[in-house]
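Spelled out from the first residue to the last, the chains are:
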Amino acid sequence: MLRKTSLISVTVFFLVLLLGTYWNHLNQALFVKEQASLLRDVINTQATAIERLLNQTLLSTQMMAHEVRRSGGEPEDFPRRAEEILRDFPAVSSLQLVPAGVIRQIYPLPGNEAAMGLHLFNYPLASGPAKRARQDGVLTLNGPLELVQGGMGVVGYNPVFLHRGDGGESFWGFVSAVIDLERLLSVTDLEVLAGNGYFYELVRPDSDGVEYLVTAGGTREHPGTVQMLDVQVPNGRWILRMGRDLDEGYPGFLFGVLVSCMVALLIAWLVHYVLREPQRLRALVDSRTHELHQLAYHDFLTGLVNRRLLQEELEQALREQLRSGGPLALLYLDLDDFKRINDSMGHEVGDQLLVAVARRLRSQVRANDIVARLGGDEFAVVLLDSGSGEDLLRLAEKLINAIRQPVKLQNRELVISTSIGITVAPADGETASQLSRNADLALYASKRRGKNCIAFFDPAMQQEASRLMQLEEELRGALAGQQLELAYQPIVELTQGRPVAHEALIRWNHPRHGWLPPSEFIPAAEQSGLIVPLGYWVLEAVCAMLAASDAQGREPLPVAVNISPQQFRDKRFLKEVGRILKHSGAPPALLELEITETTLMDNLDATATILDELQRMGLRISIDDFGTGYSSLALLKQLPVDTLKIDRCFVHDLETEEGDRQIIQAVVAMAAKLDLDVIAEGVESEAQRQWLLAFGCRCGQGYLFGRPEIAARPHSGVGVTA
Ligand code: C2E
Ligand code: MG
Ligand code: MG
């Protein structure tokens, strides 16, 4: 394209140069023509002027001839008359009377004496013209010639004929005038023109074609055009030749070519620029389009393919795979606990970690495999020709290992793990959307198994997902349709088994499946977010019950309510608790909130703020399932917690497991130091009760003391029934 533009520009350059040169040439021709025309005018004017001046000057001879004729050939007082006449003719240097061809009188005489008595018909330089004058009977010009009296001059012979008595005429002689040619011509513009670059030449041709120079002026170095014109002199002909030095007026051909060259260069450059402009704009549009495409189809942070492009590329890969027949695998990856790193170390560190993970993923797969970021901490990998199940497993492990390598950020070594869900086409599905759904389910399954896990898609997952979805739907109905009930389990003082409080535990009276325990529907509620309204429903029900008992003066025992992590993190949580307490009128001191250890540990700062506020409202806080998380003594000290509930897994094998016994002992001792109450969960046997008492644990909860029972009249008291 560039070559084409250059070619056009060069062509334009030469074309313009050619035109310029031609125009220059035309201009010059025109100039020459103009000059010639001007010259013609000038020469015309000058020739006419010379003719007019000569004729005028020679009028002096006419006047004197008249005197001769009037006096019958004997003019009186010639000098006086001649003087009178010459006053009007300054270019005439002398007048002569030449009777019978012999000069008899001259005015003025001084200086001209030598001419006196000269016989014109015998004097070679004068005889020819004199004879012609007599013969033709007209004024005839002779010269320029060397005068007898010295110097050069032009002489006009005016023949005078006198009337005879017989009516005829007889030749008397001449009245002649010597003309000072220099003075005559000084009245013309010839000298001025000579000063302006003209040259002139006035010649007299004789009958043989020989030319005698009359006068000349100006330089004749480079005459462009020379023109000549006849000057009619009395009874003869002179020729005036004039020309002009061309170099004087015309700027020059070379200069014209130079200007053309520059103009051609300018136009060629303009053409080049104008032709290049669309190309430049096109390139700009292309690059902007590319940038927009990058933005629209790539992840801004990591530069990986985004969800949108992944979808398109996956569809494309599936079409190709359908042709080639090889298997294709879609892997979904989700970083474990990424949110915690993001929250605790800031988004900047989180972003850098994501970039590092993206780079590692890219480095582990082949160039034609696709690596995408789906958003947040989720990535996807499409493996073309993914090989066997073992190959896939090996690669997934390789990815997990690559990601698990420590990343150094802000002088800290961060370690992150990932969970992977895998689905394979065509075995698991043939469309992009189906595979995406499968990979999602597999990832979800792998997440539930724990960190660093890999799960392959299994059709059962689909069924489970459908079941959960259905359950979710039904649970929505249950919330609205009063199918939920609360069971209360006593928390007792271990020495005598006397209840000191109750824990409210939710039950679902399902229209088809009967009573469902929380383990059957809480996961679905958590997944759908329904757990939040469900949690507020429990709080409302418990508070209503407490308020009713209080109003009846029955001195109800405190009730513990389980708070899900989602509800605890709900923005409206504190407000809602306050509103429910106020609305129901339940005494806050009778309400205890159970929050699991892992919930508390997630974002400690926010946790502390919420707990402080709850405590300010007068509520009690217990840590549920204690021992399963990773809380440290130092952390517990910072939080306004009242009770620790030892998870039932430690109590369960208490009799046989020394380790569990040690843990319980340690927890009890620690709680005593921190002035916390301890409740052992899941006490089922008398032996367990004894061990716990021996460890100094004062409260317990378990089937040994009572199972969770549905309240007969939940809103009117803890009338526990079977
Ligand atoms: P949790 O808060 O640790 O509740 C104690 C669980 O242990 C209850 O199971 C209870 O029935 C069971 N349990 C009590 N004593 C014994 C015993 O001696 N042996 C055995 N094997 N189990 C015993 P449940 O009612 O099935 O509840 C399970 C979990 O569901 C609860 O664990 C709690 O985390 C959750 N949950 C129950 N109700 C609610 C609720 O209203 N809201 C929320 N967010 N979670 C709830
Ligand atoms: Mg509980
Ligand atoms: Mg518990």
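Refer to the structure printed above.
Parameters and conventions
- Residues numbered from 1 in each chain as written.
- Chains lettered and ligands numbered in written order.
- Predicted model: local features only at pLDDT ≥ 70, side-chain atom pairs only at ≥ 80, totals over all residues.
- Heavy atoms only, no water.
- Helix = DSSP H or I, 4+ residues; strand = E, 2+ residues; numbered from the N terminus.
- Buried < 20%, exposed > 50% of the residue type's maximum accessible area, 1.4 Å probe, protein only.
- Contact = heavy atoms within 4.5 Å.
- Areas by Shrake-Rupley, 256 points an atom, 1.4 Å probe, with all protein chains shown as cover.
- Lys, Arg positive; Asp, Glu negative; His and termini not counted.
- Charge placed at Lys NZ, Arg CZ, Asp CG, Glu CD.
- Pairing = 2+ DSSP bridges.
- Donors = N, O, S within 2.8 Å, 3.2 Å for Na, K, Ca; no water.
- Axes fitted to C-alpha atoms, helices over the stretch in contact; angles between N-to-C directions.
- Near = heavy atom within 4 Å.
- Polar contact = N/O pair within 3.5 Å; in protein donor to acceptor, adjacent residues only side chain to side chain.
- Nonpolar A, V, L, I, M, F, W, Y, C, P; charged D, E, K, R; others polar.
- Arc of directions from axis to C-beta.

A. Representation of the overall build of the chain. A count of helices and strands for the chain gives 23 helices and 26 strands. Each of the three principal axes of the chain carries a C-alpha extent, and together these read 200 × 65 × 50 Å. Burial status across the chain gives 46% buried among its 722 residues. By sequence separation, contacts in the chain at least 24 residues apart represent 64% of the contacts at least 6 residues apart. Summing over all exposed atoms, the chain offers an accessible surface of approximately 36,900 Å²; the carbon and sulfur share of this is 54%. Charged side chains in the chain number 69 positive and 90 negative. The centres of these two groups are separated by 2 Å.

B. Expanded view of the pairing of strand S3 (residues 140–146). Counting buried residues along S3, 6 of its 7 residues qualify, which places the element largely inside the surrounding structure. Sheet analysis places S3 next to strand S4 (residues 152–163), joined by 5 bridges and oriented antiparallel. Across the sheet, residue Glu146 finds its bridge partner in S4, namely Met152. In this antiparallel pair of consecutive strands, S3 and S4, the connection spans 5 residues, and Gly150 shows a positive phi of 105°.

C. Region of interest: the coordination of the magnesium ion (ligand 3). With distances of 2.1 to 2.5 Å, the protein atoms coordinating the magnesium ion (ligand 3) are Asp624 (OD), Asp625 (OD), Glu681 (OE) and Glu681 (OE). As a motif over one chain, the donors of the magnesium ion (ligand 3) read D-D-x55-E. Metal-to-metal, the separation of the magnesium ion (ligand 3) and the magnesium ion (ligand 2) is 4.0 Å; Asp624 coordinates the two. Given a relative accessible area of 5%, Asp624 falls into the buried group.

D. Inspection of the coordination of the magnesium ion (ligand 2) at higher detail. Protein-derived coordination of the magnesium ion (ligand 2) comes from Glu503 (OE), Asn562 (OD1), Glu594 (OE) and Asp624 (OD), at a distance range of 2.0 to 2.3 Å. Summarised as a motif, the one-chain spacing of the donors to the magnesium ion (ligand 2) is E-x58-N-x31-E-x29-D.

E. Structural detail: the sheet that holds strand S11 (residues 370–375). Ordered by their spatial adjacency, 5 strands build an open sheet running S11-S12-S10-S15-S16, and the pairing between neighbours is mixed. Since the sheet does not close on itself, it has two edges, and those belong to S11 and strand S16 (454–456), each with one partner. The sheet shows a mean angle of 20° between the axes of neighbouring strands, direction not considered. Summarising the sheet, S11 and strand S12 (residues 378–384) pair through 5 bridges and their orientation is antiparallel. Residue pairing in the sheet places Gly375 in a bridge with Glu378 of S12.

F. Spatial organisation of the environment of Cys699. By the element assignment, Cys699 lies in strand S25 (residues 699–700). When its relative accessible area of 17% is taken as the criterion, Cys699 is described as buried. Between the alpha carbons of Cys699 and Leu395 there is a distance of 51 Å; along the sequence they are 304 residues apart. Among all residues touching Cys699, those that are not within four sequence positions of it are Val492, Glu493, Leu494, Val500, Val678, Ile679 and Ala680.

G. Highlighting the site of ligand 1. Residues in contact with ligand 1 amount to 20 residues; listed here are only the nearest, Asn562, Asp624, Arg648, Glu684 and Tyr703. In the environment of ligand 1, a nitrogen atom lies 3.1 Å from a nitrogen or oxygen atom belonging to the backbone of Ile506. Considered on its own, ligand 1 offers 790 Å² of accessible surface; in the complex 83% of this is hidden by protein. Contributing elements (two or more residues each) for the shell around ligand 1: strand S18 (498–510) and strand S22 (620–626). Ranked by the residues each element gives to the shell around ligand 1, the list is headed by S18, at 4 residues. Class assignment for the residues of the shell around ligand 1 results in 7 nonpolar, 5 polar and 8 charged.

H. View of unusual backbone geometry. In this structure, Pro108 follows Tyr107 across a cis peptide bond, with omega equal to -10°. Structurally, Pro108 can be placed in the loop between strand S2 (105–107) and helix H3 (124–136). Put simply, Gly143 and Pro144 share a cis peptide bond, and its omega is 5°. As for its placement among the helices and strands, Pro144 is situated in strand S3. One non-glycine residue, Asp77, adopts positive backbone phi at about 40°. Of note in this structure, Gln482 is not a glycine but carries a positive phi near 55°. On the secondary structure map, Gln482 appears in the loop between helix H13 (459–480) and strand S17 (484–493). We classify Gln482 as exposed; its relative accessible area is 71%.

I. Inspection of helix H9 (residues 338–345) at higher detail. Those residues of H9 that fall on the buried side of the exposure criterion are Phe338, Ile341, Asn342 and Met345. Along the axis of H9, the buried positions cluster into a sector of 100°, meaning they face one direction only. Exposed and facing more than 90 degrees away from the buried side of H9 are Lys339 and Ser344. Trailing H9 by a residue or two, Gly346 shows a phi angle of about 95°, which is positive.

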